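Spelled out from the first residue to the last, the chains are:
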Amino acid sequence: MVVAQEARAAAIGRNIMRQGGNAVDAAVATGFALAVTLPRAGNIGGGGFMLVHLAKQGKTIAIDYRETAPANTRPDVFLDATGNFMREKSQRSGLGVGVPGTVAGLALAHRKYGSGKFTLAQLLAPAIRLAQEGLRVDADLADSLEWSTRRFRKYPASRAIFMRDATSALREGDMLVQKDLARSLQRIAAQGVKGFYTGETAMGIVAAVQGTGGTMTLADLASYEAKERTPVRGTYRGHTVVSMPPPSSGGVHIVQMLNMLEHFPLAQMGHNSAASIHVLAAAMKRAYADRSKYLGDPDFVAVPVKALTSKAYAAQLQRQISMDRAIPAKDIKPGNPLPFESDQTTHYSTVDAQGNAVSNTYTLNFTYGLGMVAAGTGILLNNELDDFAAKPNAPNAYGLLGGKANAPGPRKRPLSSMSPLMVFDEKGALEIVTGTPGGSRIITTVLQIVLNIVDHGMNAAEATIAPRVHHQWYPDTLNIERGISPDTQKLLKAKGYEIRQRRAMGAAQTIVRRHRWLYGASDTRRAGGAAVGY
Ligand code: GLY
């Protein structure tokens, strides 16, 4: 089964498994296909994280293909002469573009964990065909293109691909043809990672980045490496939870929150009751406070993963939770052992007949990243370096705070919230594969998918549809989706919460495995996704 935010790409992965490929082959093919069919988040110009579970070996691997800062990046790169954070530098200039990791990550997964039955070129072929022949723009794609028109207009190469004319984006029913992207993908098919990180593609990326104020060089691209890391592990009510370690903050804080929440009888308290939302919010606030201080790229800073994910630390934190009132964010400090990021990351999950699985989240950061296609390559550039903390306590695009641990630096990876996750039963059998887009809300969305299944006994679809809540310490606001009753909101307000109703948070793509049956749910908060199996 493949569950993804775009149905054509999901079907491509499913077909690979039908032809004898494993979950990793399917994930690689889906990853390249999404770069064509879901250009706002699917990508080869960005980066992300992949968990691979190998059923036979009982082993789960974490692949970090997060973007890196160019080698000449200084800590004050996004500040002006007087030390003020200049958001246009990190969000709207070449300085915000990280060295893309996706091609290296997908190629590594294929080389080490694929079935060996497919070459990289075979897994790329469906994406190349779709880019070359074009695909019909559906309503969802048309909406997102229209939303980004202002940015496409600034860049001739983006305009040529995504717009009908100088003023309007492609509309529903038009064909999106991406011939330059097809050629870039063909170079990967012919030469492997070298076909991306050196030569024509690399030169196109560097020219585009430097042309818009960035400093990325050919050497930055040539030296990029995807890395295998040890996944973060925790337990929750007898289940084992495995997720992404730093430079993502997702795994650490999901395990930390689960450790706190294990002290509360959530099932008895009731799903989305005022009492359970209150303890969720209290756990979220404490986790995001710690995120702001301790999390960063583990190759540069010592992240206290063991302490943050320990049961003892969570026991100490949960004792500070008052059942009567919301403790204001100002009274919660990072313990002693984030604004809203883009909605436009994307996640997909795959599971094959042998029980191998992939949980993959990747992104360009903003929708369509910088909005800029590197001329001649068809590749949209990311603006991922905005995920660094440009200056302590200066919120990034989505309100997240950070400190020195996540300061910009040469070859450093910015902190992420992406949280691909898997859950296993007490015998080690795979139970859940999940993940979501949603910026800082990724962590709390994935948390609630796990709670909905484990505590509240929901199936994959119920767990996905259920209204979600989110708190990230600062801003000190409890965000809720539609569907939390006014009575519940009243009780929460009485505890001191400032409540803000937001549009949909996240778009989870989940597979649940029960008695060897697979149940998939693609979040209906976004149109166009699918759970496809055979
Ligand atoms: N750019 C979103 C994230 O990595 O968390």
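1. Side note on the packing of helix α13 (residues 250–261) against helix α17 (residues 311–318)
(1) Moving on: At a closest axis distance of 8 Å, the pairing of α13 and α17 adopts a crossing angle of 60 degrees. In this view, α13 runs oblique relative to α17, as classed from their interaxial angle. Between α13 and α17 lies a crossing of right-handed hand. Residues Gln 256, Asn 259 and Met 260 of α13 touch α17, and the partners they reach there are Lys 311, Tyr 313, Ala 314, Leu 317 and Gln 318.
(2) Moving on: Within the contact of α13 with α17, the residues separate by chemical class into four nonpolar, three polar and one charged.

2. What to know about the sheet that holds strand β18 (residues 509–514)
(1) Moving on: Pairing is antiparallel across the open sheet formed by six strands, whose spatial order is β7-β8-β13-β14-β18-β19. Each having just a single partner strand, β7 (232–236) and β19 (517–522) make up the two edges of the open sheet. Across the sheet, the mean angle separating the axes of adjacent strands is 15 degrees when strand polarity is ignored.
(2) Moving on: Alignment of β18 against β19, held across six bridges, turns out to be antiparallel. Across the sheet, Arg 513 pairs through a bridge with Leu 518, a residue of β19.

3. A few points about a positive patch on the surface
(1) Moving on: A surface patch of like charges, here positive, comprises Arg 87, Arg 92, Arg 150, Arg 153 and Lys 154.
(2) Moving on: Every element with two or more residues in the positive patch is listed here: α3 (87–92) and α7 (149–154).
(3) Moving on: The element contributing the most residues to the positive patch is α7, with three residues.
(4) Moving on: Tracing the backbone shows Arg 153 in helix α7.
(5) Moving on: Owing to a relative accessible area of 38%, Arg 153 belongs among the partly exposed residues under this scheme.

4. Some thoughts on the pairing of strand β14 (residues 430–434)
(1) Moving on: Counting buried positions over the five residues of β14 gives five, a clear majority of the element.
(2) Moving on: Judged from the four bridges that link them, strand β13 (residues 421–424) and β14 form a sheet pairing that is antiparallel. Bridged to Phe 424 within β14 is Leu 430.
(3) Moving on: Taking the residues that link successive antiparallel strands as the turn, the β13-β14 hairpin has five residues, and the phi of Gly 428 there is positive, at about 90 degrees.

5. Things to note about the side chain of Gln 472
(1) Moving on: With respect to the helices, strands and loops of the structure, Gln 472 is situated in the loop between β15 (469–470) and β16 (478–480).
(2) Moving on: Classification of Gln 472 by relative accessible area gives buried; the value is 1%.
(3) Moving on: Among the polar contacts made by the side chain of Gln 472, one reaches the side chain of Ser 440 at a distance of 2.6 Å.
(4) Moving on: Among the polar contacts listed, one links the side chain of Gln 472 to the side chain of His 470, at a separation of 2.9 Å.

6. Here's the deal with helix α11 (residues 199–211)
(1) Moving on: Here α11 is 13 residues long and its end C-alpha atoms lie 18 Å apart, about the 18 Å a rise of 1.5 Å per residue gives.
(2) Moving on: Residues of α11 that are buried: Thr 201, Ala 202, Gly 204, Ile 205, Val 206, Ala 208 and Val 209.
(3) Moving on: Contacts made by the buried residues of α11 are with α9 (179–191), α10 (194–197), α12 (218–222), β11 (373–374) and β12 (379–380).
(4) Moving on: At the C-terminal side of α11, Gly 213 shows a positive phi close to 95 degrees.

7. With respect to the packing of aromatic side chains
(1) Moving on: Applying the stated rule across the entire model yields seven aromatic pairs.
(2) Moving on: Ring geometry for Trp 473 and Tyr 474: centres 4.9 Å apart, planes at 65 degrees, overall edge-to-face.
(3) Moving on: Judged by its relative accessible area of 7%, Trp 473 falls in the buried class.
(4) Moving on: These aromatic residues form a ring-pair network of at least three members: Phe 152, Phe 162 and Tyr 368.

8. Remarks on the pattern of salt bridges
When the charged atoms of two side chains lie near each other, side chains of opposite charge can form a pair.
(1) Moving on: A full pass over the atoms with the stated rule returns 20 salt bridges.
(2) Moving on: A salt bridge links Asp 299 to Arg 229; the nearest nitrogen and oxygen atoms lie 3.0 Å apart. Of the two residues, Asp 299 is situated in the loop between α15 (274–294) and α16 (305–308) and Arg 229 in strand β6 (residues 227–229); the sequence distance between them amounts to 70 residues.
(3) Moving on: For Arg 229, a relative accessible area of 14% translates into the label buried.
(4) Moving on: The residue Arg 525 makes a salt bridge to Glu 481 at a minimum N-O spacing of 2.7 Å. With a gap of 44 residues between them, Arg 525 in the loop between β19 and β20 (530–532) and Glu 481 in the loop between β16 and α20 (486–494) connect regions that are remote in the sequence. Like Glu 481, Arg 525 is buried.
(5) Moving on: Taken together, the shared-partner salt bridges connect Asp 64, Lys 227, Arg 229, Asp 299 and Arg 413 into one network.

The rules behind each value
- Residues numbered from 1 in each chain as written.
- Predicted model: local features only at pLDDT ≥ 70, side-chain atom pairs only at ≥ 80, totals over all residues.
- Heavy atoms only, no water.
- Axes fitted to C-alpha atoms, helices over the stretch in contact; angles between N-to-C directions.
- Helix = DSSP H or I, 4+ residues; strand = E, 2+ residues; numbered from the N terminus.
- Parallel < 35°, antiparallel > 145°, perpendicular 65-115°, else oblique.
- Left-handed = near helix turned anticlockwise from the far one by under 90°.
- Contact = heavy atoms within 4.5 Å.
- Nonpolar A, V, L, I, M, F, W, Y, C, P; charged D, E, K, R; others polar.
- Pairing = 2+ DSSP bridges.
- Patch = residues over 30% accessible without salt bridge, like charges linked within 9 Å, V, L, I, M, F, W, Y side chains within 5 Å.
- Areas by Shrake-Rupley, 256 points an atom, 1.4 Å probe, with all protein chains shown as cover.
- Salt bridge = Lys/Arg side-chain N within 4 Å of Asp/Glu carboxyl O.
- Lys, Arg positive; Asp, Glu negative; His and termini not counted.
- Charge placed at Lys NZ, Arg CZ, Asp CG, Glu CD.
- Buried < 20%, exposed > 50% of the residue type's maximum accessible area, 1.4 Å probe, protein only.
- Polar contact = N/O pair within 3.5 Å; in protein donor to acceptor, adjacent residues only side chain to side chain.
- Expected span 1.5 Å × (residues − 1).
- Phe/Tyr/Trp six-rings, centres within 6.5 Å; stacked < 30°, edge-to-face > 60°.

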